[in-house]
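Each chain, letter by letter, is given below.
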Amino acid sequence: VGAKEYGWSFIASDIDEPALDNARRILEHNGLADRIELRLQRQRDRIFKGVLKQNETIAFCVCNPPFHESLEHAGWSANAKWRRLGREQQGASLNYQGKPSELW
């Protein structure tokens, strides 16, 4: 919305290259590739270091991980997602690899 309606520019980062490839296709399809720059975060334990360039500043940060009330709910949610997509379970790990305190 910010890029399309207001012309704001964004930096989007992820630790997963296929996720960034998918985001790139979506941005190109919607004519937003020039407004949203995609960057790979190679340091899984960092948020900004390695993503922001030296002396680069940002106005605000938005984070959108899935939050779950319990580890059991997180597993149920992941399995339900794969069922809705018509795929077999993709393993026990969650998409979001945050710290336990961030999951519930």
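Residues numbered from 1 in each chain as written. Predicted model: local features only at pLDDT ≥ 70, side-chain atom pairs only at ≥ 80, totals over all residues. Heavy atoms only, no water.

A.B. asks: Can you lay out the overall build of the protein chain for me, pointing to particular residues and giving the numbers?
C.D. replies: The secondary structure content of the protein chain amounts to four helices and two strands. Ordered by position from the N terminus, the helices and strands of the protein chain form the series α-β-α-β-α-α. The buried share among the 104 residues of the protein chain stands at 20%. Contacts spanning at least 24 positions in sequence make up 48% of the contacts within the protein chain whose residues lie at least 6 apart. (Helix = DSSP H or I, 4+ residues; strand = E, 2+ residues; numbered from the N terminus. Buried < 20%, exposed > 50% of the residue type's maximum accessible area, 1.4 Å probe, protein only. Contact = heavy atoms within 4.5 Å.)

A.B. asks: Just give me the short version of helix α2 (residues 17–29), but keep the residues and values in it.
C.D. replies: With 13 residues, α2 extends 18 Å from end C-alpha to end C-alpha; this agrees with the ideal 18 Å at 1.5 Å per step. Structurally, the start of α2 carries an N-cap: the backbone nitrogen of A19 is 3.0 Å from a side-chain oxygen of D16. Positioned one or two residues after α2, G31 has a phi angle of 65°, which is positive. (Expected span 1.5 Å × (residues − 1). Polar contact = N/O pair within 3.5 Å; in protein donor to acceptor, adjacent residues only side chain to side chain.)

A.B. asks: Quick rundown of the packing of aromatic side chains? Include the residues and the values.
C.D. replies: Taken as a whole and assessed by the stated rule, the structure comprises three aromatic pairs. Between W8 and F10 the ring centres are 6.4 Å apart and the planes differ by 50°, which places this aromatic pair in the tilted class. With centroids separated by 6.4 Å and ring planes inclined at 80°, the aromatic side chains of W8 and F60 adopt a geometry described as edge-to-face. In this pair, W8 sits in the loop between α1 (2–6) and β1 (10–14) while F60 sits in the loop between β2 (36–40) and α3 (71–84), placing the two residues 52 residues apart along the sequence. Classification of W8 by relative accessible area gives partly exposed; the value is 43%. In this structure an aromatic cluster arises from ring pairing among Y6, W8, F10 and F60. (Phe/Tyr/Trp six-rings, centres within 6.5 Å; stacked < 30°, edge-to-face > 60°.)

A.B. asks: Requested: an account of α3, with residues and values cited.
C.D. replies: Between its first and last C-alpha, α3 extends 20 Å over 14 residues, near the 20 Å set by a 1.5 Å rise per residue. Phi turns positive one or two residues past the end of α3, at G86, with a value near 75°.

A.B. asks: Got a sec to walk through the nonpolar core? Specific residues and values, please.
C.D. replies: Grouped together as the largest cluster of nonpolar side chains are seven residues: A3, L20, L27, L32, I36, L38 and L40. Sorting the residues of this core by element identifies α2 and β2 as the ones contributing at least two each. No other element matches the three residues that β2 contributes to this core. Discounting residues that sit within four places of it in the chain, L27 has contacts with L32, A33, I36 and L38. (Core = buried A, V, L, I, M, F, W, Y, C linked by side-chain atoms within 4.5 Å.)

A.B. asks: Describe the pairing of β2, listing the residues and the values that go with them.
C.D. replies: Most of β2 sits out of view: four of its five residues are buried. Direction of pairing for β1 relative to β2: parallel, over a ladder of five bridges. Bridge assignment links D14 to a residue of β2, and that residue is L40. A crossover connection joins β1 to the parallel β2 through α2; in handedness this β-α-β unit is right-handed. (Pairing = 2+ DSSP bridges. Right-handed = clockwise from strand over helix to strand, strands pointing away.)

Such coordinate-based values are descriptive only and should not be taken to indicate function.
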